[in-house]
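Descriptive analysis of the structure
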Amino acid sequence: MDGTVIEEKRSPYEVIGGAEGVRRLVDAFYDVMDSNPDYIALREMHEPDLGPTRDSLTGFFTVWLGGPREWIEKRGGFCIMSRHAKMNVTKETSRQWMDAMRDAIRQVGVEPELAEKMDNALGQLAEAMAWRGKAR
Ligand code: HEM
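Residues numbered from 1 in each chain as written. Predicted model: local features only at pLDDT ≥ 70, side-chain atom pairs only at ≥ 80, totals over all residues. Heavy atoms only, no water.

**Some points on the site of the ligand**
Our working rule: Proximity is defined per residue: if any heavy atom of the residue lies within 4 Å of a molecule or strand, that residue is considered near it. Definition of a polar contact: a pair of N or O atoms within 3.5 Å, with one able to donate and the other able to accept a hydrogen when the atoms are protein atoms, and with sequence-neighbouring residues admitted only if both atoms are side-chain atoms. In this text, helices come from DSSP runs of H or I with a minimum length of four residues, and strands from runs of E with a minimum of two, each type numbered from the N-terminal end. Side-chain classes follow a simple rule in which Ala, Val, Leu, Ile, Met, Phe, Trp, Tyr, Cys and Pro form the nonpolar group, Asp, Glu, Lys and Arg form the charged group, and the remainder, Gly included, forms the polar group.
Taken together, 22 residues surround the ligand, and among them Thr53, Ser56, Arg75, Arg83 and His84 come closest. With respect to the ligand, the side chain of Thr53 contributes an N or O atom lying 2.9 Å from an oxygen atom. One nitrogen or oxygen atom from the side chain of Arg83 is found 2.4 Å from an oxygen atom belonging to the ligand. Mapped by element, the contributors of at least two residues to the shell around the ligand are helix H3 (40-45), helix H4 (51-64), helix H6 (80-85), helix H7 (91-108) and helix H8 (112-135). Class assignment of the residues belonging to the shell around the ligand gives a composition of 13 nonpolar, 6 polar and 3 charged.

Structure representation (structure tokens):
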């Protein structure tokens, strides 16, 4: 033994607080989108009932963050870019999505290192969705 401490690496899913943590973030995100007039254009793209969308984003984040994979297996695969390709995501609504997500991440107090990683990764995805919208 040389005294080296072997740190057990926790998945982002564990860091965020498992099923409860993911749900808390998703609920905060759609609550922000639903109540802040800055995000009205984004809100109007969504169905009046956000319930099924809340469940979907919870399932997606669970898998994306390294948690249980049931949601994606039940759906028989899922491509986030394809799902958004026909939604006419603009630069403006893409920015609203990311701003609302940042508000939610801050509100629920995601651990800072993970918060930064999520900000970068989701920011790139959201931007790419807008680029596809513009290209058509
Ligand atoms: C990283 C960025 C994003 C992620 C991870 C994400 C995730 C999701 C997920 C998981 C769904 C549910 C899909 C399904 O059940 O089939 C969804 C639906 C949707 N998303 Fe996104 N999304 C992102 C960005 C955006 C952006 C930028 C917009 C608009 C500007 C947007 C608008 C929508 C809309 C309109 C729906 C349909 C929901 C409804 O009908 O109520 N998303 N998104």
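Structure's up, so let's keep going.
**With respect to the coordination of the iron atom of the ligand**
Stated formally: Distances decide who is a donor: an N, O or S atom must be within 2.8 Å of the metal, or within 3.2 Å for Na, K and Ca. Water is not included, so sites may look incomplete.
Among all protein atoms, only His84 (NE2) binds the iron atom of the ligand, sitting 2.0 Å from it. With respect to the helices, strands and loops of the structure, His84 is situated in helix H6.

**Let's talk about the side chain of Thr93**
We count it as follows: A contact between two residues is defined here by any heavy atoms of the two lying within 4.5 Å.
Looking at the element boundaries, Thr93 is found in helix H7. For Thr93, the residues in contact, after removing those within four places along its chain, are Ala41, Leu42 and Met45.

**Section: the packing of helix H2 (residues 18-35) against H7**
A packed helix pair is summarised by two numbers, namely the angle formed by the two axes and the spacing between the axes. Operational definition: Throughout, an axis means a line fitted to C-alpha atoms (over the contacting stretch in the case of helices), and angles, computed between N-to-C directions, take values from 0 to 180 degrees. An angle below 35 degrees is treated as roughly parallel, one above 145 as roughly antiparallel, one from 65 to 115 as roughly perpendicular, and anything else as oblique. Crossing chirality is assigned from the near helix's rotation relative to the far helix, an anticlockwise turn below a right angle marking it left-handed and a clockwise turn marking it right-handed.
The geometry of H2 relative to H7 is characterised by a closest axis approach of 8 Å and an angle of 130° between their N-to-C directions. Judged on the interaxial angle alone, H7 and H2 are oblique. The two elements H2 and H7 meet at a crossing, and its hand is right-handed. The residues of H7 that touch H2, namely those facing Arg24, Leu25, Ala28, Phe29 and Val32, are Trp97, Ala100, Met101, Asp103, Ala104, Ile105, Gln107 and Val108. The residue makeup of the contact of H2 with H7, split by class, is 10 nonpolar, 1 polar and 2 charged.

Read these as layout, nothing more, since geometry by itself doesn't imply function.
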